[in-house]
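If you want the building blocks of each chain, they are given just below.
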Amino acid sequence: QGSRRDKPLSYQEEQEDIHSIDFNKAIQEAIDNQQYRLAIRLMYLRNIKVLSDRNLIDFKPNKTNFDYARELRSSVYAKGFDATTLVYEYAWYGEFPVEREIFEQLKDIFSDYEKTIRS
């Protein structure tokens, strides 16, 4: 008890506006605080924002990941979205403990997908 990873996440998911979050700063802050689950969430949301900015999905705060997957189903972006969604949901909702070593491997999935959707 008392280790950094046992600290509750200082994050309000109900109030997030993906268009006002400084993702680079927030992700780095989460990593610096060893809040790797939060970093995964933020990387996932950054990808949602990029998809929305590129008009590949129609972002709405009340939509689910399944809704976005359905919008992307017939596109070249579907497979990567499904992969990042699986990792995100497992880590965030499944409360899977994410250690630094695992995070280092997982972050590449999000980075690679972001490069794909930005190109």
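Just so we're clear, the structure is a prediction, and the values are computed from it rather than from any experiment. Residue numbers here run from 1 along each chain, matching the order of that chain's written sequence. Residue-level local features of this predicted model are given only where pLDDT is at least 70; pairs of side-chain atoms are given and counted only at 80 or more, and the full residue set underlies all totals for whole chains, interfaces and linings. Side-chain metrics in this entry use all non-hydrogen atoms of the structure; hydrogen atoms and water are not considered.

**Side note on the packing of helix 1 (residues 23–32) against helix 2 (residues 36–53)**
Item 1. Each axis is a line fitted through C-alpha atoms, taken for helices only over the stretch in contact, and angles between the N-to-C directions span 0 to 180 degrees. Each helix is a run of DSSP H or I of at least 4 residues and each strand a run of E of at least 2, with the numbering of both proceeding from the N terminus. In contact at an axis separation of 8 Å, helix 1 and helix 2 are set at 165 degrees when each is read in the N-to-C sense. One element, helix 1, and the other, helix 2, form an angle in the roughly antiparallel class. For the pair helix 1 and helix 2, the sense of crossing is left-handed. Of helix 2, the residues touching helix 1 (which contributes Phe 23, Asn 24, Ala 26, Ile 27, Ala 30 and Ile 31) are Tyr 36, Leu 38, Ala 39, Leu 42, Met 43, Leu 45, Arg 46 and Lys 49. Between 65 and 115 degrees an angle is taken as roughly perpendicular, under 35 as roughly parallel, over 145 as roughly antiparallel, and anywhere else as oblique. The handedness criterion is simple: a crossing whose near helix is rotated anticlockwise from the far helix by less than a right angle is left-handed, and one whose near helix is rotated clockwise is right-handed. The criterion used for residue contact is that any of the two residues' heavy atoms lie within 4.5 Å.

**Topic: the nonpolar core**
Item 1. As used in this record, nonpolar core signifies buried Ala, Val, Leu, Ile, Met, Phe, Trp, Tyr and Cys residues forming a set joined through side-chain atoms within 4.5 Å. Accessible area is worked out with a 1.4 Å probe on protein chains only. A residue is then buried under 20% of its type maximum, exposed over 50%, and partly exposed in between. Ile 40, Phe 81 and Phe 103 are the most contacted members of the largest nonpolar core, which has 33 residues in total.
Item 2. Elements represented by at least two residues in this core include exactly helix 1, helix 2, helix 3 (65–72), helix 4 (78–92) and helix 5 (100–118).
Item 3. The biggest single contributor to this core is helix 2, with 11 residues.

**Observations concerning the side chain of Arg 46**
Item 1. Here Arg 46 shows up in helix 2.
Item 2. Non-local contacts of Arg 46, meaning those with residues more than four positions away in its chain, are made with Phe 23, Asn 24, Ile 27 and Glu 114.

**Side note on helix 1**
Item 1. Taken together, the buried positions of helix 1 are Phe 23, Ile 27, Ala 30 and Ile 31. Down the axis of helix 1, the sector holding all buried residues measures 100 degrees, keeping them to one side.
Item 2. Gln 34 occupies a position one or two residues after helix 1 and carries a positive phi of about 55 degrees. Each C-beta atom gives one direction from the helix axis, and the arc is the one those directions make.

**Focus: the pattern of salt bridges**
Item 1. What makes a salt bridge here is a side-chain nitrogen of Lys or Arg within 4 Å of a carboxyl oxygen of Asp or Glu, nothing more. Within this structure, the stated rule accounts for 9 salt bridges.
Item 2. Between Asp 58 and Lys 60 there is a salt bridge; the shortest N-O distance is 3.0 Å.
Item 3. For Lys 60, a relative accessible area of 38% translates into the label partly exposed.
Item 4. Within this structure, Asp 58, Lys 60, Lys 63 and Glu 71 form a network of salt bridges that share partners.

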